Amino acid sequence: PVINVSWHDAQAYCGWLNKQTGQFYRLPSEAEWEYACRAGTTTPFNTGERINSEQANFTAHGRTLPVGSFSSNKFGLYDMHGNVWEWTQDCWHENYRGAPNNGSAWLEEANNGDCNRRVVLGGSWDYDPRDLRSAFRGRDNSDGAIDDLGFRIARVF
């Protein structure tokens, strides 16, 4: 996976890709990312109630692994749990009071939001399995670029 990229780097990549392809790509919203991660499940992980080191990359492996090292979820998406945290479009909010109810990104600083920090999801290779749950949210500074943080993009049709 791409690592050591800030939220701003991910935005720049989406802008470049849009120009190259004539399509529109962007970071997913927090809600879209969780939906994609769950892949129709209601359990803490798309693998069930628990997750193990044969299903995802977390502290047991000690480093980032190549994409596709584990099975995909039911939507065909790889590494939704573990490997690297993934940037979303959303500004950080401590809770969901006032959040959009249509799956779109929360882009304003109303209700104690902080757009200098962005929501990251999925957990990473240096976190415990409990932090890889589909609904577990983290945050990082928009300028942060570290070895356990990357991104995936969504195409708008």
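As a reminder, the structure under discussion sits directly above these lines.
Predicted, not measured: the structure shown is a model, and the values here were computed from it.

**Quick notes on the state of the cysteines**
Tallied over the full model, the rule gives 1 disulfide. Note that Cys 91 is cross-linked by a disulfide to Cys 115, the S-S spacing being 1.9 Å. Residues Cys 91 and Cys 115 are joined through a disulfide that is right-handed, its torsion about the S-S bond being 90°. Taken together, the residues Cys 91 in strand 2 (residues 85–92) and Cys 115 in strand 3 (residues 114–121) connect sequence positions 24 residues apart. Each member of the pair, Cys 91 as well as Cys 115, is classed as buried. The thiol of Cys 14 is unpaired, and the distance to the nearest cysteine sulfur, on Cys 91, comes to 16 Å. Under the relative-accessibility criterion, Cys 14 is labelled buried at 3%.

**Some thoughts on the sheet that holds strand 3**
Hydrogen bonding along the main chain pairs the strands of a sheet, whether they run parallel or antiparallel. With mixed pairing, the 4 strands of this open sheet are ordered in space as 4-3-2-5. If you trace the sheet from one side to the other, it starts and ends with strand 4 (137–141) and strand 5 (149–150), each paired once. Sheet analysis places strand 2 next to strand 5, joined by 2 bridges and oriented parallel. In the strand pairing of strand 5, Glu 86 is matched with Gly 150. Sheet strands touched by helix 1 (residues 7–21): strand 2 and strand 3. Its angle to strand 2, the strand with the most contacts, is close to 95°.

**Thoughts on the nonpolar core**
Val 5, Trp 7, Ala 10, Leu 27, Trp 85, Trp 87, Val 120, Leu 149 and Phe 151 together form the largest nonpolar core, which totals 9 residues. Those elements giving two or more residues to this core turn out to be helix 1 and strand 2. Contact partners of Trp 85, with chain neighbours within four places excluded, come to Val 120, Leu 121, Gly 122, Gly 123, Ser 124, Tyr 127, Asp 131, Phe 136, Gly 138, Asp 148, Leu 149 and Gly 150.

**Notes on the side chain of Glu 34**
On the secondary structure map, Glu 34 appears in helix 2 (residues 30–38). Within polar-contact distance, the side chain of Glu 34 engages the side chain of Arg 38 at 2.9 Å. With residues up to four places along the chain from it excluded, the contact list for Glu 34 reads Ser 134 and Ala 135.

How each quantity is defined
Residues numbered from 1 in each chain as written. Predicted model: local features only at pLDDT ≥ 70, side-chain atom pairs only at ≥ 80, totals over all residues. Heavy atoms only, no water. Disulfide = S-S within 2.5 Å. Helix = DSSP H or I, 4+ residues; strand = E, 2+ residues; numbered from the N terminus. Buried < 20%, exposed > 50% of the residue type's maximum accessible area, 1.4 Å probe, protein only. Pairing = 2+ DSSP bridges. Contact = heavy atoms within 4.5 Å. Axes fitted to C-alpha atoms, helices over the stretch in contact; angles between N-to-C directions. Core = buried A, V, L, I, M, F, W, Y, C linked by side-chain atoms within 4.5 Å. Polar contact = N/O pair within 3.5 Å; in protein donor to acceptor, adjacent residues only side chain to side chain.

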